[in-house]
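Here's the letter readout for the chains.
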There are 2 protein chains.
Amino acid sequence: MTIHLEGNDEQLRQAILAGDRGGLARGITLVESERADHQERAEKLVTALLPRTGQATRLGISGAPGVGKSTFVEAFGMHIVNAGHRVAVLAIDPSSRLSGGSILGDKTRMDELSRHPAAFVRPSAAGHTLGGVARRTREAILLCEAAGYNVVIVETVGVGQSEATVANMVDVFLLLIAPGGGDELQGIKRGIVELVDLIVVNKCDGDLLPAAGRIAADYQGALGLLRSLSVHWKPEVVQCSALEHRGIDQVWEAVGRCADTLRRTGDLADRRGRQLTDWLWQEVTGGIMDALRRDAKTGAVAKTLEQEVISQRLLPPAAARQVRESFFRRPERTEE
Amino acid sequence: MTIHLEGNDEQLRQAILAGDRGGLARGITLVESERADHQERAEKLVTALLPRTGQATRLGISGAPGVGKSTFVEAFGMHIVNAGHRVAVLAIDPSSRLSGGSILGDKTRMDELSRHPAAFVRPSAAGHTLGGVARRTREAILLCEAAGYNVVIVETVGVGQSEATVANMVDVFLLLIAPGGGDELQGIKRGIVELVDLIVVNKCDGDLLPAAGRIAADYQGALGLLRSLSVHWKPEVVQCSALEHRGIDQVWEAVGRCADTLRRTGDLADRRGRQLTDWLWQEVTGGIMDALRRDAKTGAVAKTLEQEVISQRLLPPAAARQVRESFFRRPERTEE
């Protein structure tokens, strides 16, 4: 299948392939736009670039507020570019969807990394749904790969389902933790530890050093109890201090070991294949459910039926049939 | 809304309301049938009985093979009927779906309880999908309630998603564990501990007594780390020996304390309301996706498109649109 892009979009495609940062930024803006004509153009653009994607190591980094995530990603990103790689950072901020504003509003974050010619840093725009954020981030990853970035970092604050969403679009998922946050095992509590390939204990410095050692041991113990995602890769705990630039190289080595293991054993191909089919079926279901929700008549019907169901006047399968019949505008055939 | 049942079904409704065990068994058989006309009659029957449901304590009991689940449920059920209650046990066996045969095939299980006039024991038929099993079990719970059983136990082997499915249809979810199963913290590994209200350590007897004490302490510690489902009820660990009939009364007391707490705080109404709306939307989505899967043309289209997506020739949103267009037999309008 060959995609022919029109004038400006063909130029955009070439700019992205040439590694032009402005072009990449414009491409991601197109992907993030909610205008129907933009979405159509974005899909054509990403499709045209598909053959040039897939070669990067896709790394998810998550952590609760206060673990020093920005400082870590800045130090980590600088380490990677100084090792000769090109790194793109996509920062997803689910809080901007919840609060209407962004808690990542600080413009100066990752200042040094942002200015480095081999780096590209992009905070996500606020999205209406996590599904929408997921689709746009997945497409942004592809654009970064087409632009020649061989490490793509997707960074997210640990809120709700955002971590599971990010884990399902990357090759390697890293959880950043730190002592002193009060509740030191919250990664385990939130069920997120089951998604991780690596746990990095940050703030292993100064007064926090003893506490950091304890928390690393606790997590190492917890990992022993939990199932791991791959039979070939056992999650590791690495200690570092982003502030003092210590241990960052060991984190990068661990990421490399994990990615190599997954690649060598075929787990990476399996993981990506599963992510792609998941994405496909999410879009099938999501698209149908979106159409259903946009249907004002069905929305009103469903709202009434929910109350009937909660008050035990109507059985959910019967209510569901009425919702579907309202949506399809016809009585359902009896199942064969 | 008044449901008028035809001849036999009206008799069936009255038999169930009169607490007739044969009638209840026939009602559940109707609910479990996959014949379209049976499903239609079953829905009418359950709907007609809806006003007489909801008063029971719904208890989910899960445990890995080898923890002594049948022995426990038998001893526990006998304790409950001897305390003057009427108890129904619905045993879901997800393995029968996976293997084509049942690993619960032993006809003699719960022999004493089965024969008690205040008890009703029913193994589930094999189902094709977990969603199908879930719907039928939810409807069977309602029939048991209409038949006057004030404790309904849904029992399941801990396989795959079956535990989460059961947890989402009961008031109180109990995990049964035992020492000597080799991997003694598997409940934590499988992420199931996050669903539980109570953990019961069985086989606290004989040679296993010291190991049972240790495993109880381990789980008590793990529960301290994990979030609990209700802010008002903190999960408890109870030790018992179903074989020696010790501690069974304490399990029953803990179930009562949990159910009372949830009822008093409004958490029970919230939990049931959420379960009902979840069930409604699962049926909406499930019904649409079933229709999509039954559509042979769309199935063939989807299979080809999955390969295109995995081999990076097609973007999932574009493939998903083609799947939807095949299903709806028309090009999609551009979103407004």
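Placed above this text is the structure.
Draft legend 1. Examining the overall build of chain A more closely. Looking only at helices and strands, one finds 14 helices and seven strands in chain A. By the burial criterion, 54% of the 336 residues in chain A qualify as buried. If you take every contact in chain A between residues at least 6 apart in sequence, the share linking residues at least 24 apart comes to 77%. With an accessible surface of roughly 14,700 Å², chain A has 51% of that area assigned to carbon and sulfur atoms.

Draft legend 2. Seen up close, unusual backbone geometry. At Arg329(A), a residue that is not glycine, the phi angle is positive and equals roughly 60°. Along the polypeptide, Arg329(A) turns up in the segment after helix H14 (316-328). Even without a glycine there, the phi angle at His245(B) is positive, about 55°.

Draft legend 3. Representation of the sheet that holds strand E2 (residues 87-92) of chain B. Residues and elements named next belong to chain B. The seven strands lie next to each other as E3-E2-E4-E1-E5-E6-E7, forming an open sheet whose pairing is parallel. Each edge of the open sheet carries a strand with a single partner, namely strand E3 (119-123) and strand E7 (236-239). With direction set aside, neighbouring strand axes in the sheet form an average angle of 20°. Judged from the four bridges that link them, strand E6 (residues 198-201) and E7 form a sheet pairing that is parallel. What sits directly across from Val200, in E7, is Val238.

Draft legend 4. Expanded view of helix H2 (residues 21-32) of chain A. Taking 1.5 Å per residue as the helical rise, H2(A) with its twelve residues ought to reach 16 Å, and the 16 Å between its terminal C-alpha atoms agrees with that figure. When we look at burial in H2(A), the residues that qualify are Gly23(A), Leu24(A), Gly27(A), Ile28(A), Leu30(A), Val31(A) and Glu32(A).

Definitions and cut-offs
- Numbering of residues starts from 1 in every chain and runs along the sequence as written.
- All chains are assigned letters beginning at A, and all ligands numbers beginning at 1, according to the order in which they are written.
- Selection of residues for local features in this predicted model requires a pLDDT of at least 70, selection of side-chain atom pairs for listing and counting requires 80 or more, and totals for whole chains, interfaces and linings are taken over all residues.
- Side-chain metrics in this entry use all non-hydrogen atoms of the structure; hydrogen atoms and water are not considered.
- Each helix corresponds to a stretch of at least 4 residues labelled H or I by DSSP, and each strand to a stretch of at least 2 residues labelled E; elements are numbered beginning at the N terminus.
- Whether a residue is buried, partly exposed or exposed follows from its accessible area with a 1.4 Å probe, protein chains only, as a fraction of its type maximum: under 20%, in between, or over 50%, in that order.
- Residue contacts are counted whenever heavy atoms from the two residues lie within 4.5 Å of one another.
- Note on areas: Shrake-Rupley with a 1.4 Å probe; residue coverage comes only from the protein chains shown.
- Note on pairing: DSSP must find at least two bridges between two strands before they are called paired.
- Only the stretch in contact is used when a helix axis is fitted, and all axes are lines through C-alpha atoms; the angle between N-to-C directions ranges over 0 to 180 degrees.
- In this scheme, a helix's expected span is set at 1.5 Å multiplied by one less than its residue total.

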